[in-house]
Amino acid sequence: MKDKLVDAEKAVELINDGDSITFSGVSMVRAPMGFIKEIIKAGKKDLYIIDREPGMDFDILIAAKAVRKVRFAMLGFELFGLAPNFRKAAESKEIEWIEDTCGAITNAFRAGASGIPFVVVKGILGTDLVKIHEREGTWKVIKDPFNGEEILAVKAVNTDVAVIHVQKADRYGNASIEGSRFEDVYKAKGAKKLIITAEEIVDTEYFKKFPERNTIPYFYTTAVVHMPKGAYPTACPNYYPPDYDEIRRYLSMCREGKVDEYIKEWIERR
Amino acid sequence: MKDKLVDAEKAVELINDGDSITFSGVSMVRAPMGFIKEIIKAGKKDLYIIDREPGMDFDILIAAKAVRKVRFAMLGFELFGLAPNFRKAAESKEIEWIEDTCGAITNAFRAGASGIPFVVVKGILGTDLVKIHEREGTWKVIKDPFNGEEILAVKAVNTDVAVIHVQKADRYGNASIEGSRFEDVYKAKGAKKLIITAEEIVDTEYFKKFPERNTIPYFYTTAVVHMPKGAYPTACPNYYPPDYDEIRRYLSMCREGKVDEYIKEWIERR
Amino acid sequence: MAENVDIPEIHPADIMIKAMAMEITNDDIFLHGLASPLPALAMHLAKQTHAPEMVYINVTDALDPDPNKYRLCFSSADPRHAVNTLAIVELLETFDLASKGKPLGMFLGGAQIDSRANTNLTCIGSYESPKVKLPGGAATAYLTPLVKKLVLWTTNHSKRVFVEKPDFITGIGYEEGKDKEVTVITNLAVFKAGKEGLILKSVHPGVSVDDVVNNMSFAPVVKGEIKTTPTPTENEMELIKKLDPDGVRFSEFKR
Amino acid sequence: MAENVDIPEIHPADIMIKAMAMEITNDDIFLHGLASPLPALAMHLAKQTHAPEMVYINVTDALDPDPNKYRLCFSSADPRHAVNTLAIVELLETFDLASKGKPLGMFLGGAQIDSRANTNLTCIGSYESPKVKLPGGAATAYLTPLVKKLVLWTTNHSKRVFVEKPDFITGIGYEEGKDKEVTVITNLAVFKAGKEGLILKSVHPGVSVDDVVNNMSFAPVVKGEIKTTPTPTENEMELIKKLDPDGVRFSEFKR
């Protein structure tokens with residue numbers, strides 16, 4: 001196994017302007033916020049960010065002008081309201097966006113992990129999302145070759161980069177997601193480059209002792225970054241809950257037009 | 001959660017003559033041999049048995065005249081040679097058989113677990129298996145709707161029954177496969193009825209303590225049978241290795257024409 | 001119905017939770033997604049009362065979280081909601097259950113809802129040039145055609161929500177001939193969706209049929225007996241308060 | 001080549017293991033399936049000598065089993081082969097790697113092999129009325145078109161194995177223009193498959209080119225220098241013996 005432990009500044013070089021990227025987590029849980037900060041610091045541009053149900057990770061990248069295009073099934077702050085910077089950018093057409101649905105985007109990630117070019121999914125037919133995606137070239141209504149019925153084909157998603165925050169990893173890239181995995185394992189296995197950020201760097205013996213906890217084996221991983229509190233202010237299960245106050249502070253500042261100030265202060269904070 | 005713990009005689013009633021069935025394990029590992037014995041004792045007939053790389057489970061069911069049809073990617077005894085009863089029955093056309101390939105049958109199980117009617121797979125095109133399965137109606141060469149390239153569509157496999165031997169289960173049907181899982185989780189989740197046989201019945205607290213070890217949650221399970229040494233003479237990881245001597249004894253008796261004697265003795269043995 | 005005398009001080013949130021719980025039976029598998037405090041509490045309530053064997057799956061990927069250690073948080077995906085779970089069940093696996101035709105029920109919201117219970121969660125105005133870009137439908141488009149029970153909810157029973165023609169069809173409501181029951185639960189009333197449209201089933205205590213009808217852009221079906229929506233019993237209220245001591249369930253009403 | 005003087009007493013099994021190991025480089029992911037004692041040992045040998053970072057995946061679903069605690073058993077799926085594994089990697093996941101075009105190498109057998117290294121593992125005679133129903137191709141049909149390295153082996157270098165036209169095409173061998181290297185390793189020699197057919201690369205110590213050619217139903221390509229297949233070093237023999245103290249690797253030769 002190769003040693004893949006690098007610092008964040010080094011790992012962020014794996015991302016090119018214009019890349020498609022997906023991130024771990026859902027809403028206020030296990031988003032790789034620490035690495036999002038590095039992407040902003042590095043001044044990455046024109047990213048195409050793709051996820052099932054993102055939140056602050058997407059919104060702040062949009063606010064930082066790092067994003068060209070967004071794909072998601074839901075993007076907001078749950079009970080705290082809409083995503084202010086996404087909404088503004090979408091309504092003013094500063095960014096492109098395509099709405100997905102959980103069952104399609106998660107299947108697209110799973111198909112990407114499986115190495116197949118597309119997957120058929122049930123449901124969805126009859127909704128207005130179909131024409132949006134047929135125009136985009138991401139979905140197509142086809143006939144089941146066995147019974148002739150209409151069914152939706154969804155193109156696999158294999159992003160250029162996946163950034164996955166985990167609880168434990170070793171320096172070779174074996175990584176353990178504890179608790180809810182969401183689609184993160186599929187995102188990781190389907191991506192062309194995989195950056196793991198981890199709360200803790202553990203000895204490889206940990207995985208030999210608990211091989212079933214090795215949710216992403218080393219051969220998928222391009223780089224490992226040790227990043228304690230790397231999901232903050234979103235949660236990292238078994239480590240810390242979401243910091244709702246901090247997330248609300250972000251939203252308040254955004255609504256007051258002070259998002260640049262928030263980002264500046266956030267970047268300076270260690 | 002409903003109490004699903006029953007004895008083997010009761011659980012075997014879930015199987016109807018003519019059913020399609022799949023079993024856990026591969027070759028000489030974690031085949032549900034104890035339950036196979038029950039199927040034979042109950043005199044089940046005309047079964048259509050489907051698996052990736054079965055061995056003694058299939059061969060002895062064929063010897064006992066319980067089988068109408070067989071589908072597999074490899075069926076034999078590895079270094080110990082061909083499967084004597086399968087071979088005899090296939091060559092004399094007493095049973096139907098269709099040869100599959102690991103990548104197709106495992107994907108068919110995974111598609112069955114996913115609830116999709118078919119899955120596309122790479123590889124396989126150009127081999128003689130394609131025409132066999134197109135005739136059978138299990139595969140079809142189609143065009144990728146996005147790029148027009150030829151690709152193979154494989155119909156999902158959802159068997160009437162799956163019999164899965166696990167290390168630990170609770171009486172409600174939460175089940176833990178330790179070590180190699182093969183495709184057993186997919187087989188279980190895709191089957192219309194699921195019979196779990198388990199080395200140990202554990203308290204539900206076990207799963208609350210180690211939720212990630214709950215490889216087959218209770219809502220998939222139709223019946224749980226407590227069956228220590230339920231994989232014998234095949235292996236059950238963390239419990240016992242394969243009994244190579246016993247497997248060789250079976251093969252010797254088969255080759256001497258004494259398979260009925262072996263089955264009789266096996267059924268009487270507890 | 002409006003001749004209220006001694007209706008207890010009960011918040012619409014609690015009435016809605018009870019109404020939601022009543023849609024759940026013992027044989028169901030129910031899922032809730034993000035931004036779903038009321039469904040989360042309804043599922044716990046059902047499981048602790050009339051539907052103990054209901055399968056509880058949620059957006060934290062946790063199966064049957066322990067109600068005795070549960071404390072409702074602002075994010076429905078908060079890992080603390082996964083307390084004492086029996087298994088990690090990826091959301092994708094729940095979608096697979098829906099595809100397999102298992103008895104899955106789902107709670108979903110709707111920014112716009114029409115008389116067939118079709119929903120819009122995508123945009124106000126056109127998709128290409130939205131006046132308001134909403135958060136998006138999440139699982140709506142995928143699940144609404146697949147579930148056996150679809151329970152829509154809104155805490156804002158109004159003409160803005162109940163519209164003649166949604167700006168976008170994110171989710172499919174009533175589908176004739178399909179094994180799929182569609183219920184709409186609002187802060188005023190409970191409907192079932194049918195061939196004829198949204199059929200008013202009950203109004204909440206203190207609410208009149210006129211209150212219900214006058215706050216919709218289309219006419220619901222009002223026929224036969226219109227019941228009063230049952231309120232939680234004392235015991236049920238205790239369970240709700242124990243699960244949500246911080247009153248997160250009221251957040252949706254403040255906006 | 002046949003002028004053997006002091007060729008050490010070395011079993012063809014060990015020569016084949018060494019030849020197989022030499023096909024593995026540090027950047028490869030290699031998989032072995034059932035009934036594969038020689039590939040299993042070759043993978044360990046490569047990983048302990050020239051290819052320490054090779055990814056070792058096998059039919060026990062185990063990643064990088066510990067060579068120091070490994071003891072070769074009769075079934076390649078024996079759980080004792082998974083000793084000290086780093087992770088459970090389902091076979092299906094390895095197939096996914098192949099589909100994604102990762103640098104996967106696979107060892108496969110062949111009951112019949114033709115001049116393009118196409119293989120038959122399905123039946124002798126017709127599929128519908130087989131004279132001999134073989135065990136089946138396992139992963140052959142799926143993997144042979146996808147892998148970057150295909151290493152075929154037979155311990156029975158004979159006219160019966162090397163046939164003009166296999167009775168059934170279970171696996172695809174050489175494919176022009178594809179990033180796929182096809183090697184055939186027998187108890188007598190090593191070949192690479194190419195446009196012109198099976199190209200003889202080396203013969204094992206004590207074996208003549210005539211021995212090789214006369215035991216095939218078609219003519220291999222014999223041109224340029226034909227080397228002698230290297231034999232394991234003393235250190236390599238020690239490693240092999242340590243991994244297989246019971247001599248399971250010789251089983252294939254007894255049949």
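Everything numeric in this text was worked out from a predicted model, so none of it was measured. (Residues numbered from 1 in each chain as written. Chains lettered and ligands numbered in written order. Predicted model: local features only at pLDDT ≥ 70, side-chain atom pairs only at ≥ 80, totals over all residues. Heavy atoms only, no water.)

Assigned secondary structure in chain A consists of 10 helices and 11 strands. Here the C-alpha atoms of chain A give a radius of gyration of 18 Å, agreeing with the 18 Å that 2.2 N^0.38 yields for 270 residues. With the principal axes as the frame, chain A shows a C-alpha extent of 55 × 50 × 30 Å. Per-residue burial for chain A yields a buried fraction of 68% across its 270 residues. For chain A, the proportion of contacts with a sequence separation of at least 24, taken over those separated by at least 6, is 73%. About 8,900 Å² of surface is accessible on chain A, with carbon and sulfur atoms providing 48% of the total. (Helix = DSSP H or I, 4+ residues; strand = E, 2+ residues; numbered from the N terminus. Rg over C-alpha atoms; globule rule 2.2 N^0.38 Å. Buried < 20%, exposed > 50% of the residue type's maximum accessible area, 1.4 Å probe, protein only. Contact = heavy atoms within 4.5 Å. Areas by Shrake-Rupley, 256 points an atom, 1.4 Å probe, with all protein chains shown as cover.)

Let us now look at the interface of chain C and chain A. On the side of chain A, 54 residues touch chain C, which itself brings 48 residues to the contact. A per-residue breakdown of the area chain C buries against chain A is headed by Phe 74, Tyr 127 and Lys 133 of chain C, which together make up 16% of the total. Linking chain C with chain A are four salt bridges. Taking the shortest distance from any N to any O, the salt bridge between Glu 90 of chain C and Arg 181 of chain A comes out at 2.9 Å. Joining chain C to chain A, the criterion identifies 26 residue pairs in polar contact (both at pLDDT 80 or more). (Buried area = accessible area lost by both parts, 1.4 Å probe. Salt bridge = Lys/Arg side-chain N within 4 Å of Asp/Glu carboxyl O. Polar contact = N/O pair within 3.5 Å; in protein donor to acceptor, adjacent residues only side chain to side chain.)

Between chain B and chain A, the contact holds 24 residues from the first and 24 residues from the second. Both faces combined, the contact of chain B with chain A buries some 1,900 Å², and carbon together with sulfur accounts for 73% of it. The largest per-residue losses of area from chain B upon contact with chain A belong to Phe 118, Pro 145 and Phe 146 of chain B, which jointly make up 33% of the total buried on that side. The tally of links from chain B across to chain A stands at two salt bridges. As a salt-bridge pair, Arg 213 of chain A and Glu 212 of chain B come within 3.9 Å of each other at their nearest N and O atoms. Remark: the boundary between chain B and chain A carries four residue pairs in polar contact (both at pLDDT 80 or more). Looking at the side of chain B that touches chain A, the elements that each hand over two or more residues are helix H5 (102-114), strand E5 (118-121), strand E6 (139-143) and strand E7 (150-155) of chain B. Looking at the side of chain B that touches chain A, its residues break down into 13 nonpolar, four polar and seven charged. (Nonpolar A, V, L, I, M, F, W, Y, C, P; charged D, E, K, R; others polar.)

The next thing to look at is the state of the cysteines. In total, this model carries zero disulfides over all chains according to the counting rule given. The thiol of Cys 102 of chain A is not disulfide-bonded; the next cysteine sulfur, from Cys 123 of chain C, is found 17 Å away. (Disulfide = S-S within 2.5 Å.)

Glancing now at the relation of the copies chain B and chain A. What relates the pair of chain copies is a rotation about an axis plus a shift along that axis. Of the two same-sequence chains, chain B is brought onto chain A (RMSD 0.0 Å, axial shift 0.0 Å) by a rotation of 180 degrees. Considering both components of the superposition, the chain copies are consistent with a two-fold axis. Of every C-alpha in chain B, the one belonging to Val 119 of chain B sits nearest the axis of rotation, 3.3 Å from it. Looking at the interface residues of chain B, 100% of them are also at the interface in chain A, so both copies use one shared face. (Least-squares fit on C-alpha atoms with pLDDT ≥ 70 in both.)

Residues and elements named next belong to chain C. The strand order across the open sheet built from eight strands is E2-E1-E3-E8-E9-E10-E11-E12, with neighbouring strands paired in mixed fashion. Looking along the sheet, the strands with just one partner apiece sit at the ends: strand E2 (55-58) and strand E12 (227-228). Sheet topology places strand E1 (residues 29-32) next to strand E3 (residues 104-109); three bridges connect them, and they run parallel. Counted as the bridge partner of Phe 30 is Gly 105 from E3. Helix H1 (residues 12-22) rests against E3, strand E8 (149-154), strand E9 (181-186) and strand E10 (189-194) of the sheet, and its axis sits at about 170 degrees to E9. (Pairing = 2+ DSSP bridges. Axes fitted to C-alpha atoms, helices over the stretch in contact; angles between N-to-C directions.)

Here the focus is the sheet that holds E6 of chain B. Residues and elements named next belong to chain B. Judged by pairing direction, the sheet is antiparallel, and its three strands sit side by side in the order E5-E7-E6 without closing on themselves. Both outer strands of the open sheet, E5 and E6, are each paired with one neighbouring strand and no more. When strand polarity is set aside, the average angle formed by the axes of neighbouring strands in this sheet is 35 degrees. Pairing of E6 with E7, which is carried by five bridges, proceeds in the antiparallel orientation. Following the sheet pairing, Val 141 is matched in E7 by Leu 152. Across the face of the sheet, H5 comes into contact with E5, E6 and E7 while running at roughly 145 degrees to E5.

Below, the discussion takes up the domain arrangement of chain A. Residue and element names in this part refer to chain A. The domains assigned to chain A are domain 1 (8-102 + 157-248) and domain 2 (118-155). With centres defined by C-alpha atoms, the gap from domain 1 to domain 2 works out at 28 Å. With eight residues of domain 1 at the interface, the matching set in domain 2 holds eight residues. The junction of domain 1 with domain 2 conceals about 620 Å² of combined surface from both sides, 59% of it contributed by carbon and sulfur atoms. The three residues of domain 1 that bury the most area against domain 2 are Arg 71, Ile 98 and Thr 101, which together make up 57% of that side's buried surface. The interface formed by domain 1 and domain 2 holds one salt bridge in total. (Domains from an automatic or database assignment.)

Take the domain arrangement of chain C next. All names here are of chain C. According to the domain assignment, chain C contains domain 1 (1-89 + 230-250) and domain 2 (110-221). On inspection of domain 1 and its partner domain 2, the count reaches two salt bridges. One can count four residue pairs in polar contact (both at pLDDT 80 or more) joining domain 1 with domain 2. Mapped by element, the contributors of at least two residues to the side of domain 1 that touches domain 2 are H1, E1 and helix H2 (37-48). Considering each element in turn, the side of domain 1 that touches domain 2 owes the most residues, five residues, to H1. Looking at the side of domain 1 that touches domain 2 residue by residue, the classes come out as 13 nonpolar, three polar and two charged.

Mapping Leu 121 of chain D onto the fold places it in the loop between strand E5 (119-120) and strand E6 (123-125). A C-alpha to C-alpha distance of 9.3 Å links Leu 121 of chain D and Asp 167 of chain D, two positions 46 residues apart in sequence. Apart from the residues within four sequence positions on either side, Leu 121 of chain D is in contact with Glu 99 of chain B together with Gly 109, Gly 110, Ala 111, Leu 134, Pro 135, Gly 136, Gly 137, Thr 140 and Thr 170 of chain D.

Moving on, we get to the side chain of Glu 90 of chain C. Considering the arrangement of structural elements, one finds Glu 90 of chain C in the loop between E2 and helix H3 (91-99). In terms of polar contacts, Glu 90 of chain C uses its side chain to reach the side chain of Arg 181 of chain A, at 2.9 Å. Excluding anything up to four places from it in sequence, Glu 90 of chain C contacts Arg 181, Phe 182 and Tyr 186 of chain A together with Asp 61 of chain C.

A few words on the packing of helix H3 (residues 56-63) of chain B against helix H4 (residues 84-91) of chain B. Residues and elements named next belong to chain B. In the contact formed by H3 and H4, the axes pass within 7 Å of each other and the chain directions differ by 55 degrees. Judged by the inter-axis angle, H3 sits oblique to H4. Of the two possible hands of crossing, H3 and H4 adopt the one that is left-handed. Residues Asp 59, Ile 62 and Ala 63 of H3 form the contact with H4, whose participating residues are Pro 84, Asn 85, Phe 86 and Ala 89. Of the residues in the contact of H3 with H4, the class split is five nonpolar, one polar and one charged. (Parallel < 35°, antiparallel > 145°, perpendicular 65-115°, else oblique. Left-handed = near helix turned anticlockwise from the far one by under 90°.)

The next subject is the packing of helix H2 (residues 33-41) of chain A against helix H10 (residues 259-268) of chain A. How two helices pack is summed up by the angle between their axes together with the distance between the axes. Residues and elements named next belong to chain A. Between H2 and H10, whose axes approach to 10 Å, the crossing angle comes to 110 degrees. Between H2 and H10, the angle falls in the class roughly perpendicular. Along the contact surface, H2 presents Met 33, Ile 36, Lys 37, Ile 40 and Lys 41, while H10 presents Ile 263, Trp 266 and Ile 267. Among the residues making up the contact of H2 with H10, the classes are represented as six nonpolar, no polar and two charged.

What follows concerns the environment of Ile 62 of chain A. Residue and element names in this part refer to chain A. The topology assignment puts Ile 62 in helix H3 (residues 56-63). For Ile 62 and Leu 47, which are 15 residues apart along the polypeptide, the C-alpha to C-alpha distance reads 9.5 Å. Apart from residues no more than four positions distant in its own chain, Ile 62 is found in contact with Val 67, Val 70, Asn 85, Phe 86, Ala 89 and Ile 95.

Moving on: the environment of Ile 132 of chain B. Here Ile 132 of chain B shows up in helix H6 (residues 129-136). Overall, the relative accessible area of 4% leaves Ile 132 of chain B in the buried class. Residues Ile 132 of chain B and Glu 178 of chain B, spaced 46 residues apart in sequence, show a C-alpha to C-alpha distance of 36 Å. Excluding residues within four positions of it along the chain, Ile 132 of chain B makes contact with Ile 98 of chain B together with Tyr 127, Glu 128 and Phe 168 of chain D.

Turning next to helix H5 (residues 102-114) of chain A. Compared with an ideal rise of 1.5 Å per residue, which puts 13 residues at 18 Å, H5 of chain A spans 18 Å between its outermost C-alpha atoms and is within 8% of the ideal. Along H5 of chain A, 13 of the 13 residues are buried, which leaves the element largely enclosed by surrounding structure. (Expected span 1.5 Å × (residues − 1).)

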